[in-house]
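Here are the chains, one letter per residue:
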Number of protein chains: 2
Amino acid sequence: MVQKIQPVERCDCEVIHEDTVNRVREKMPLEETLYDLAELFKVFGDSTRIKILWALDEAEMCVCDIAVLLKMTQSAISHQLRLLKQAALVKSRREGKIVFYSLEDEHVKQIFDQGLIHISENKE
Amino acid sequence: MVQKIQPVERCDCEVIHEDTVNRVREKMPLEETLYDLAELFKVFGDSTRIKILWALDEAEMCVCDIAVLLKMTQSAISHQLRLLKQAALVKSRREGKIVFYSLEDEHVKQIFDQGLIHISENKE
DNA sequence: ATAACATATGAATAGTTGTTCATATGTTCA
DNA sequence: TGAACATATGAACAACTATTCATATGTTAT
């Protein structure tokens, strides 16, 4: 969602001082980097895509096999694979009629693992 | 988004066999786990929340300071902090009128780092 | 060329989400 | 108690997104 920049009055609570705010602001990564990071995690933020990535971590698969595996339509899977490819999380190769998808690199698994650790430590 | 389960006809492409699909399906984590994982990453998938988390990694801060830092309204920040707290990514403590927020644990930083590695290797 | 198959894609739609606005809750101090 | 301040929250709205449906593109075999 596009967010408007909102003028903000400084509040009176002098918890961290003006210069501390400035220090934190200076240490923050570029706006663009933080945006890209959010865009990346947004891709992970859907259970269909999570399932596809998980499946591809097990085996290289074609579109229709993923559709069968996840009990979803070919179209839905294809749309999601496009997003995953744009995010450089999966790659594809064509062999005749069939297009094979696989993970682009090892980061996916590592990001998953960090997430799983967090979940396992916070389940109720 | 709630997704209907769609009946799918097995396609003719015998890329991975029926039993391979079954093997992959058996090795997949529980539906619930994958859903929780997606929910977690969804929280990371917004640049406002990414910025808040990044700021809190630098220093414990109160709501209004975060609002000043990010040049956003107190209300918007407060809403997002609620989501972050529900996801067990931040914790809060009250000191009089002021509520301090800080990171819940070290996972946040580690998940960020994995994401940044991926981004840095795939920027155009 | 034509049929059959695998995949991709545009449009439409229903469901979701981030921000704003108004207001409520909780705390301190006079 | 009442005023001032910090934060929380519900409702509303605009923007976004995942799936579906229909159809297009690309490939193979006859």
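Above this text sits the structure in question.
Residues numbered from 1 in each chain as written. Chains lettered and ligands numbered in written order. Predicted model: local features only at pLDDT ≥ 70, side-chain atom pairs only at ≥ 80, totals over all residues. Heavy atoms only, no water.

Participant: Hey, could you run me through the overall build of chain A in this one?
Facilitator: Helix and strand counts for chain A stand at 6 helices and 3 strands. N-terminal to C-terminal, the α/β element order of chain A is α-α-α-β-α-α-β-β-α. Taken across its 124 residues, chain A has 48% of its residues classed as buried. About 6,900 Å² of surface is accessible on chain A, with carbon and sulfur atoms providing 51% of the total. (Helix = DSSP H or I, 4+ residues; strand = E, 2+ residues; numbered from the N terminus. Buried < 20%, exposed > 50% of the residue type's maximum accessible area, 1.4 Å probe, protein only. Areas by Shrake-Rupley, 256 points an atom, 1.4 Å probe, with all protein chains shown as cover.)

Participant: When you look at the pairing of strand β2 (residues 90-95) of chain A in this model, what are you seeing that I'm missing?
Facilitator: Two faces, one strand: in a regular strand the side chains alternate between the faces of the sheet. All names here are of chain A. When β2 meets strand β3 (residues 98-103), the two strands line up antiparallel, connected through 6 bridges. Residue pairing across strands places S92 opposite Y101, the latter belonging to β3. Taking the residues that link successive antiparallel strands as the turn, the β2-β3 hairpin has 2 residues, and the phi of G96 there is positive, at about 70°. (Pairing = 2+ DSSP bridges.)

Participant: Which parts of the structure should I look at to understand the interface of chain A and chain B?
Facilitator: Opposite the 67 residues of chain A that make contact, chain B presents 67 residues. Taking both sides of the interface into account, the surface hidden between chain A and chain B amounts to around 6,200 Å²; carbon and sulfur atoms contribute 71%. Interface area lost by chain A to chain B is led by A:F41, A:Q114 and A:H118, which between them contribute 10%. One salt bridge connects A:R23 with B:E58, and the closest N-O pair in it is separated by 3.9 Å. Here chain A is connected to chain B by 14 residue pairs in polar contact (both at pLDDT 80 or more). Secondary-structure elements contributing two or more residues to the side of chain A that touches chain B are α1 (18-27), α2 (31-44), α3 (47-58), β1 (61-62), α4 (63-70), β3 and α6 (107-122) of chain A. Its residues placed into classes, the side of chain A that touches chain B shows 38 nonpolar, 13 polar and 16 charged. (Contact = heavy atoms within 4.5 Å. Buried area = accessible area lost by both parts, 1.4 Å probe. Salt bridge = Lys/Arg side-chain N within 4 Å of Asp/Glu carboxyl O. Polar contact = N/O pair within 3.5 Å; in protein donor to acceptor, adjacent residues only side chain to side chain. Nonpolar A, V, L, I, M, F, W, Y, C, P; charged D, E, K, R; others polar.)

Participant: Which parts of the structure should I look at to understand the sheet that holds strand β1 (residues 61-62) of chain B?
Facilitator: Paired through backbone hydrogen bonds, the strands of a sheet run either parallel or antiparallel to each other. All names here are of chain B. Judged by pairing direction, the sheet is antiparallel, and its 3 strands sit side by side in the order β1-β3-β2 without closing on themselves. Strand pairing shows two members of the sheet lacking a second neighbour, β1 and β2 (90-95), which therefore form its edges. Across 2 bridges, the pairing between β1 and strand β3 (residues 98-103) is antiparallel. By the bridge assignment, C62 is partnered in β3 with F100. Across the face of the sheet, helix α3 (residues 47-58) comes into contact with β1, β2 and β3 while running at roughly 90° to β3. Its contacts with the sheet place helix α5 (residues 74-86) against β2 and β3, and it is angled at close to 120° to β2. (Axes fitted to C-alpha atoms, helices over the stretch in contact; angles between N-to-C directions.)

Participant: Explanation requested: the nonpolar core in the structure shown.
Facilitator: Considering soluble globular proteins, one finds that nonpolar side chains tend to be buried as a cluster. By size, the foremost hydrophobic cluster in this structure holds 76 residues, and its most contacted members are A:F41, A:F44, B:F41 and B:F44. If sequence neighbours within four positions are ignored, B:F44 has contacts with A:A38, A:F41, B:I50, B:L53, B:L89, B:V108, B:I111 and B:F112. (Core = buried A, V, L, I, M, F, W, Y, C linked by side-chain atoms within 4.5 Å.)

Participant: Looking at this model, I keep getting lost on the packing of aromatic side chains. Mind explaining?
Facilitator: What describes a pair of aromatic rings is the distance from one ring centre to the other and the angle between the planes of the rings. Summed over the entire model, instances satisfying the criterion amount to 7 aromatic pairs over all chains. Relative to A:F112, the ring of A:F44 has its centre 5.8 Å away and its plane inclined at 75°; by these criteria the two rings are edge-to-face. Placement of the pair is A:F44 in helix α2 and A:F112 in helix α6, with a sequence separation of 68 residues. Neither residue differs from the other here; A:F44 and A:F112 are each classed as buried. Grouping aromatic residues by their ring pairs yields a cluster made of A:F41, A:F44, A:W54, A:F112, B:F41, B:F44, B:W54 and B:F112. The aromatic ring of A:F100 is capped on one face by A:R93, whose charged end is 4.2 Å from the ring centroid. (Phe/Tyr/Trp six-rings, centres within 6.5 Å; stacked < 30°, edge-to-face > 60°. Lys NZ or Arg CZ within 6 Å of the ring centre and 35° of its normal.)

Participant: How do you make sense of the relation of the copies chain A and chain B when you look at a structure like this?
Facilitator: Each of the two chain copies can be brought onto the other by rotation about an axis and movement along it. Under the fitted operation, chain A is carried onto chain B by 0.0 Å of movement along the axis and a turn of 180°, and the coordinates agree to an RMSD of 0.1 Å. With respect to symmetry, the two chain copies, as superposed, fit the operation of a two-fold axis. Taken as a fraction of all interface residues of chain A, those also at the interface in chain B reach 100%, which identifies the copy contact as same-surface. (Least-squares fit on C-alpha atoms with pLDDT ≥ 70 in both.)

Participant: Quick question: what am I supposed to make of the sheet that holds β2(A) here?
Facilitator: Residue and element names in this part refer to chain A. In space, the 3 strands of this open sheet follow the order β1-β3-β2, with antiparallel pairing throughout. For this open sheet the edge positions go to β1 and β2, each flanked by a neighbour on one side alone. Helix α5 (residues 74-86) contacts β2 and β3 of the sheet and is inclined by roughly 120° relative to β2.

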